[in-house]
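# Observations on the model geometry
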Amino acid sequence: MRTSKNLLLSAFLTCALAGCLVACGGEQGADGADGKIGTPDTAIETPQTPAVQADWGHVVFDNDDGAYMLIDGREELQQIEDAFEGTNTFAEVDGRLERCYLAESSDTALLVFYFGNPGFANEEDILSMIKAMKGSDIHTEPVLDDGTKIYVATMPSGDSQNVLIFEIVDGEGLYLAALLVDSAKPHDGIDRISFTDGSKLSGYLAGNPGDSSAGGMRIGSDRNGYMDIPSTWITFKDMGDVDPNMIQYADGSSSIVSMLGIILSEEGYSGTAADYALSFAEALYEDHDGNEDVVDLNSYLQALECGLDSYIVATEWTDGTFMYQFCIAGDDRMYYIACEGDEDTALDMAFNVIETFDPAA
């Protein structure tokens, strides 16, 4: 299985890079103006498509207005695979391009691949591809009304975020839909995709690509406390070994807020919450102090607007990531909050903790 996974991952990563060329149009672009796609040497005719709603697995693509040209002939699809280096490597792992939709008014494209090898139809391979492709583990896993799990991830490319949708076909194979977004019209393709239970793809993304923060929202729980974050952030599941009570939100790129309430009695701790918070912060500081990837390390005591005190451990990492870890002393528990991301976002989230955190909603 390990060899098979490496083949699939290698093919996928190569194709992901090639896919960006499709979205950007390569040298000529897929603008639909002349009804052709590809480079001058590989251009093929694209048929005009009647209004139709297409679906595969549990994904629905709304093309009722006929704004997207459909390419589903095997010969034409093979020419697309041949035109862009990397897509034809899918054949080595029992995968192929089943259909392609091209927007006539922009460079947005939707490519639907199917892998017929049941050996790839598992969560481990999907998460490995997402992590290797993105360089992080931020993604969402919506579960539909009938229990079907979908895996949604974004692939940053220039000013846009291309979207990847994975669905396991039980005992058969794997669907991969790659939505390659035109940064000038980021909403159109995303807004057309939904799932068979009526939920929208946009609900599982950190706002539409190209859309800045629009307002804020209150997140948290009675166990973990509450705070404000931008309304465009989304819940996600960290692939690491994290406490099941932890709440995590991400901006769809590389910034994360994690919240966890640690109840002292459950830990068998008989001291005060302030003592526990201090010892926890000291352990964090000691762990970071011996890490060669940490380039700057500070700690300090901070009073929050809600009246509680917090020990903060602030770190800067060699990859440019900043992290602020709060150890907040409550009544019967310690609230742990971690804000990580680029310098500006991590600092903004840290101020959000200081100004908006409260044990009560």
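Residues numbered from 1 in each chain as written. Predicted model: local features only at pLDDT ≥ 70, side-chain atom pairs only at ≥ 80, totals over all residues. Heavy atoms only, no water.

### Here's the deal with the overall build of the protein chain
- A count of helical and extended segments in the protein chain gives six helices and 20 strands.
- The buried share of the protein chain, taken over its 361 residues, is 52%.
- Of all intrachain contacts in the protein chain linking residues separated by at least 6 positions in sequence, the fraction that spans at least 24 positions is 54%.
- Accessible area of the protein chain: about 16,100 Å², with a carbon and sulfur share of 45%. (Helix = DSSP H or I, 4+ residues; strand = E, 2+ residues; numbered from the N terminus. Buried < 20%, exposed > 50% of the residue type's maximum accessible area, 1.4 Å probe, protein only. Contact = heavy atoms within 4.5 Å. Areas by Shrake-Rupley, 256 points an atom, 1.4 Å probe, with all protein chains shown as cover.)

### Description of the sheet that holds strand S18 (residues 309–317)
- Strand order in the open sheet made by the seven strands is S14-S15-S16-S20-S19-S18-S17, with antiparallel pairing throughout. Only two strands of the sheet have a single neighbouring strand rather than two, namely strand S14 (234–235) and strand S17 (294–303).
- Relative to S18, S17 is paired through nine bridges, and the arrangement is antiparallel. For Tyr300, the partnering residue across the bridge sits in S18 and is Ile312.
- Helix H5 (residues 273–289) rests against strand S16 (256–263), S17, S18, strand S19 (322–329) and strand S20 (333–341) of the sheet, and its axis sits at about 10° to S18. (Pairing = 2+ DSSP bridges. Axes fitted to C-alpha atoms, helices over the stretch in contact; angles between N-to-C directions.)

### Considerations on the side chain of Asn352
- If you trace the backbone, Asn352 turns up in helix H6 (residues 343–356).
- Relative accessible area serves as the criterion here: at 19%, Asn352 is assigned to the buried category.
- A polar atom in the side chain of Asn352 sits 3.0 Å from the backbone oxygen of Asp228. (Polar contact = N/O pair within 3.5 Å; in protein donor to acceptor, adjacent residues only side chain to side chain.)

### Notes on the pattern of salt bridges
- In total, this model carries seven salt bridges according to the counting rule given.
- Arg192 is the salt-bridge partner of Asp65, the closest N and O atoms lying 2.8 Å from each other. On the criterion of sequence distance, the pair formed by Asp65 in the loop between strand S4 (59–63) and strand S5 (68–71) and Arg192 in the loop between helix H4 (186–191) and strand S11 (193–195) is long-range, its members being 127 residues apart.
- What makes Arg192 buried here is its relative accessible area of 11%.
- With a shortest N-O distance of 3.1 Å, Asp188 and Arg192 are connected by a salt bridge.
- Within the structure, one salt-bridge network assembled from shared partners comprises Asp65, Asp188 and Arg192. (Salt bridge = Lys/Arg side-chain N within 4 Å of Asp/Glu carboxyl O.)

### What about H5?
- With 17 residues, H5 should cover 24 Å at 1.5 Å per step; its first-to-last C-alpha distance of 24 Å lies within 8% of that length.
- For H5, the full list of buried residues reads Ala273, Tyr276, Ala277, Ala281, Leu284 and His288. Taken around the axis of H5, the buried residues stretch over an arc of 130°, which confines them to a single face. In H5, the exposed residues that point more than 90 degrees away from the buried face are Glu286 and Asp289.
- Looking at the buried positions of H5, the neighbouring elements they touch are S16, S17, S18, S19 and S20. (Expected span 1.5 Å × (residues − 1). Arc of directions from axis to C-beta.)

### Notes on the nonpolar core
- Counting residues in each nonpolar core, the largest one holds 27 residues, and the members touching the most others are Phe115 and Phe166.
- Of all the elements in the fold, those that place two or more residues in this core are S5, helix H2 (74–83), strand S6 (95–103), strand S7 (109–115), helix H3 (123–134), strand S8 (150–157), strand S9 (160–169) and strand S10 (173–180).
- Ranked by size, the runner-up nonpolar core spans 25 residues in total, among them Trp233, Val257, Leu308 and Ala346. (Core = buried A, V, L, I, M, F, W, Y, C linked by side-chain atoms within 4.5 Å.)

### Overview of the confidence of the model for the protein chain
- Across the protein chain, pLDDT averages 77, with 74% of residues at or above 70.
- Note on residues 17–53: pLDDT is under 50 here. Beyond four places in sequence and across chains, it has 76 contacts.
- A low-confidence stretch, residues 207–214 stays under pLDDT 50, and its non-local contacts, those more than four residues away or across chains, total 16 contacts. (pLDDT = per-residue confidence, 0-100.)

### Topic: H6
- Between the first and last C-alpha of H6 there are 20 Å, a value that for 14 residues agrees with the 20 Å anticipated at 1.5 Å per step.
- Within H6, burial applies to Thr345, Ala346, Met349, Ala350, Asn352, Val353, Ile354 and Thr356.
- Taking the backbone nitrogen of Asp344 as reference, a side-chain oxygen 3.2 Å away marks Asp342 as the first, capping residue of H6.

### Quick notes on the pairing of strand S13 (residues 225–230)
- Among the six residues in S13, five count as buried, and that is most of the element.
- Taken together, the six bridges between strand S12 (residues 216–221) and S13 define a ladder with antiparallel strand orientation. Each bridged residue has a counterpart across the sheet, and for Gly216 the counterpart in S13 is Pro230.
- Linking two consecutive strands that pair antiparallel, namely S12 and S13, is a turn of three residues.

### Some thoughts on the packing of aromatic side chains
- Inspection of the entire model under this criterion finds seven aromatic pairs.
- Seen in terms of ring centroids, Phe61 and Tyr101 are 5.0 Å apart; in terms of plane orientation they differ by 45°. Their pairing is tilted. Pair noted here: Phe61 is in strand S4 and Tyr101 is in strand S6, with a separation of 40 residues, a long-range link.
- Given a relative accessible area of 0%, Phe61 falls into the buried group.
- Assessed through its relative accessible area of 2%, Tyr101 is described here as buried.
- Put simply, the rings of Tyr269, Tyr276, Phe280 and Tyr336 pair up and form one aromatic cluster. (Phe/Tyr/Trp six-rings, centres within 6.5 Å; stacked < 30°, edge-to-face > 60°.)

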